[in-house]
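What follows is each chain in one-letter form.
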Amino acid sequence: MSARERWARALSDAAGEGLLPGDPLVLPEERPWPVVLLTAFGAWLAAIPLCGFFGLLLGGLIEAGGAYPIGVACLVAAVMVLRGRGVALFVEQLAVPGLLVGGGLLAFGLYDDMPHRQASAVLAAVAIGLAVAVPRAWLRAWLGSLAAGMVAMVLLPPDVWFRAREGGNFWWAVHGLLAMWLGALAVQRAIGSKAALAVEPLAAGWVLVVVAGFAFLSGMTFLVGGATGQRFWGGGWQGEALLERGVSVGLAMAGFVGLARVWPSARRPVWALAALVCVALAGAMSTLGGLMLVLAVCAGTGRWRLASAAALGVAWVIGAYYYRLDVALADKALVLVAAGALLGAIAWWSGPRRAPAASAPPAPRFVLPPALVPIAVVLCLLVVNTGIWQKEAVIANGRTVLVELAPADPRSLAQGDYMALNFRLPAVAAEPRPSDLPPHVVVQVDERGVALPLRIELAGEEAPVLAPGELRIEMTAKDGRWVLVTDAWFFKEGDAERFAAARYGEFRITADGDAVLVGLRDTRLVPIPP
């Protein structure tokens, strides 16, 4: 018996006795992973023209109904290669594109000949069957994710596949996947150890789709859109019915009760208070309770990698609550601050109170000199106030110039309520890079103070002398493009309708090109009061 076989038997026996956690168990690879990765890269490069060749050769047969036999043949050949012993690594890696080609051909034929729900059900069964047949844990996890996606398409009506978040169908579909995962875990405990090891990576891939589904349904999370410079979906699923909120509360409570049965430390009153805070949050966010249940199950059964993914999903959903347009900003801030303060106080109160043993030598640690604290405070205040003083100087001494607004989103929610601004200016061809100096826009100011954009002057080019009435304004890099000072105007919540009448941005501009946006004006150039 080889070392690999002895390792597999030991893991199987330990899992059967309940001595090992349920994380996806991957046997030690006989080949170094860099060699496997480089070989896989070469195999995929070779597979692309190979698939194209067979597509041209068998294209007529596929269109004539041969998608099924060719797809099944590809799948069978790929499984045989993956299950074979002594197969060359390059040939083994070619089997993965074979799985994709075979599955793609089956999907092509099934969706063409059957209703979408039935076709998705057949593909889900094929994915589960392949996961049982292949011996690689990572492939089983990948096929488990694919099977979960197909089952979700079975649970969703076909007419809402691409607009699922417009209604509650997607919410129920994700919870259906969650119920199936919990059922698979129950079956896993009842079957033999060898089969349980095979089911584990399949279930892991499945639950990752559940976590991703909850995150997608909740919408964009706090600060991610700003950090990536992208405008993703913003509001999340805001039509929760009372039943959906109740299900979320029930799932969160079930998770904490189950965790208390496994962990004696979770039965303390202080942790019960923390559980109540989390359950209250689940009542406010109908996508949170299911994720809390996943987190509790994974933590209680030792699936720490999956628990980390579920914890990330919980943080995502709580952050997405910030973008909810159906809840007032002040109410959202109150809920999040109160929950954070309560959980922080609970964590501080339940922390270790005992001093380290006298026999143990104190660990060396870095002590910050007390004198550095006031110095750091003074430096921070100096930097902040210098910037404020510079802006105040531009407002006090700059020339008033009005720049026409172009169509933009009338209102978006991020850091409070604000109007997304887009000024009518010539486009700058080059995208901003960290090393680039800012370009300037040259405008002609008429007797009303309205600016007529003339041209863009890039940094490094020889700037011509300005004509009478012309101004040169420095531009600013923002979200991968050049803008005039800013792309947003913030206002108090509830004033969106009043600021929707804005047609001009009012700037104060110095002779050096420094500019500050100080207000908005309507079509008659009348200032809109803040």
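1. Considering the overall build of the chain
Within the chain, the secondary structure is distributed over 15 helices and 11 strands. A burial count over the chain gives 38% of its 530 residues as buried. About 29700 Å² of surface is accessible on the chain, with carbon and sulfur atoms providing 67% of the total.

2. Brief notes about the packing of aromatic side chains
The full count for this structure, using the stated rule, is five aromatic pairs. Each ring, one from tryptophan 263 and one from tryptophan 304, has its centre 6.3 Å from the other, and the planes form 20 degrees; the classification is stacked. Taken together, the positions of tryptophan 263 in the loop between helix H9 (242-262) and helix H10 (269-284) and tryptophan 304 in helix H12 (residues 304-320) put the pair 41 residues apart, joining distant regions of the chain.

3. Considering the packing of helix H11 (residues 288-300) against H12
At a minimum axis distance of 8 Å, the contact between H11 and H12 shows a crossing angle of 160 degrees. What the angle tells us is that H11 and H12 run roughly antiparallel. Read as a crossing pair, H11 and H12 show a hand that is left-handed. Together, Leu288, Leu291, Met292, Val294, Leu295, Cys298 and Ala299 of H11 and Trp304, Leu306, Ala307, Ala310, Ala311, Gly313, Val314, Val317 and Ile318 of H12 make up the contact between the two elements. Its residues placed into classes, the contact of H11 with H12 shows 15 nonpolar, one polar and no charged.

4. A look at the pattern of salt bridges
Enumeration according to the criterion identifies seven salt bridges in this entry. Close ionic contact of glutamate 457 with arginine 455 constitutes a salt bridge, the shortest N to O distance being 3.2 Å. For glutamate 470, the salt bridge goes to arginine 455, with nearest N and O atoms at 3.8 Å. On the criterion of sequence distance, the pair formed by glutamate 470 in strand E6 (residues 470-474) and arginine 455 in strand E5 (residues 451-457) is long-range, its members being 15 residues apart. Classification of glutamate 470 as buried rests on a relative accessible area of 14%. One salt-bridge network, held together by shared partners, links Arg455, Glu457, Glu470 and Arg472.

5. Section: the sheet that holds strand E1 (residues 399-404)
The sheet built from three strands is open, its strands ordered E1-E10-E11 with antiparallel pairing. The open sheet terminates on both sides in strands that have one partner only, identified here as E1 and strand E11 (515-521). With direction set aside, neighbouring strand axes in the sheet form an average angle of 30 degrees. As defined by bridge partners, strand E10 (residues 504-509) adjoins E11 across six bridges and the pair is classed as antiparallel. Bridge pairing links phenylalanine 507 to leucine 517 in E11.

6. Quick word on the nonpolar core
Leu99, Leu178, Trp181, Trp206, Val210 and Val294 are the most contacted members of the largest nonpolar core, which totals 65 residues. The residues touching leucine 178, leaving out its near neighbours within four places in the chain, are Val210, Phe214, Leu251, Gly290, Leu293 and Val294. Counting 28 residues, the second largest nonpolar core, distinct from the first, contains Val401, Leu421, Met475 and Phe499.

7. Let's talk about the side chain of histidine 440
With respect to the secondary-structure elements, histidine 440 resides in strand E4 (residues 440-445). On the accessibility criterion, histidine 440 (19% relative accessible area) is buried.

8. Structural notes on the sheet that holds E4
Spatially, E5-E4-E6 is the arrangement adopted by the three strands of the open sheet, whose pairing is antiparallel. Every interior strand has two partners, whereas the edge strands, E5 and E6, have only one. Between one strand and the next, the sheet's axes are offset by a mean angle of 30 degrees, whatever the strand orientation. Note that E4 and E5 share six bridges and pair antiparallel. Residue valine 441 lies in a different strand from E5, and its bridge partner there is isoleucine 456.

9. Observations regarding helix H6 (residues 169-190)
Side chains three or four residues apart in an α-helix point the same way, a direct result of the helix having 3.6 residues per turn. Its 22 residues place the ends of H6 32 Å apart at the C-alpha level, agreeing with the 32 Å of an ideal helix rising 1.5 Å per residue. Among the residues making up H6, those that are buried are Phe170, Trp171, Ala173, Val174, His175, Gly176, Leu177, Leu178, Trp181, Leu185 and Gln188.

10. Re the confidence of the model for the chain
Averaged over every residue, the pLDDT of the chain is 77; residues scoring 70 or more account for 73%. Ranking the elements of the chain by mean pLDDT puts strand E2 (residues 412-414) last, at 43, and H11 first, at 93. Here residues 22-29 scores under 50 on pLDDT; set against residues more than four positions off or in separate chains, the count is 24 contacts. This model gives residues 409-415 a pLDDT under 50, and the stretch forms 20 contacts once residues within four places in sequence are excluded.

11. Remarks on the packing of H10 against helix H13 (residues 329-349)
Between H10 and H13, the shortest axis-to-axis distance is 10 Å and the interhelical angle comes to 165 degrees. Classified by the interaxial angle, the pair formed by H10 and H13 is roughly antiparallel. Crossing angle aside, the handedness with which H10 passes H13 is left-handed. In this structure, H10 contributes Val270, Leu273, Ala274, Val277, Cys278 and Leu281 to the contact, and H13 contributes Val335, Ala339, Leu342, Leu343, Ile346 and Trp349. When its residues are assigned to classes, the contact of H10 with H13 shows 12 nonpolar, no polar and no charged.

12. So, the environment of alanine 296
Structurally, alanine 296 can be placed in helix H11. With relative accessibility at 11%, the residue alanine 296 sits in the buried group. Taking C-alpha positions, alanine 296 is 6.6 Å from phenylalanine 256, a pair spaced 40 residues apart along the chain. Excluding anything up to four places from it in sequence, alanine 296 contacts Gly255 and Leu259.

13. Concerning unusual backbone geometry
Across residues other than glycine, the phi torsion is negative in most instances, and most of the peptide bonds are trans. Its identity is not glycine, yet valine 485 carries a phi of approximately 70 degrees, on the positive side. With respect to the secondary-structure elements, valine 485 resides in the loop between strand E8 (481-483) and strand E9 (488-491).

Rules behind the numbers
- Residues numbered from 1 in each chain as written.
- Predicted model: local features only at pLDDT ≥ 70, side-chain atom pairs only at ≥ 80, totals over all residues.
- Heavy atoms only, no water.
- Helix = DSSP H or I, 4+ residues; strand = E, 2+ residues; numbered from the N terminus.
- Buried < 20%, exposed > 50% of the residue type's maximum accessible area, 1.4 Å probe, protein only.
- Areas by Shrake-Rupley, 256 points an atom, 1.4 Å probe, with all protein chains shown as cover.
- Phe/Tyr/Trp six-rings, centres within 6.5 Å; stacked < 30°, edge-to-face > 60°.
- Axes fitted to C-alpha atoms, helices over the stretch in contact; angles between N-to-C directions.
- Parallel < 35°, antiparallel > 145°, perpendicular 65-115°, else oblique.
- Left-handed = near helix turned anticlockwise from the far one by under 90°.
- Contact = heavy atoms within 4.5 Å.
- Nonpolar A, V, L, I, M, F, W, Y, C, P; charged D, E, K, R; others polar.
- Salt bridge = Lys/Arg side-chain N within 4 Å of Asp/Glu carboxyl O.
- Pairing = 2+ DSSP bridges.
- Core = buried A, V, L, I, M, F, W, Y, C linked by side-chain atoms within 4.5 Å.
- Expected span 1.5 Å × (residues − 1).
- pLDDT = per-residue confidence, 0-100.

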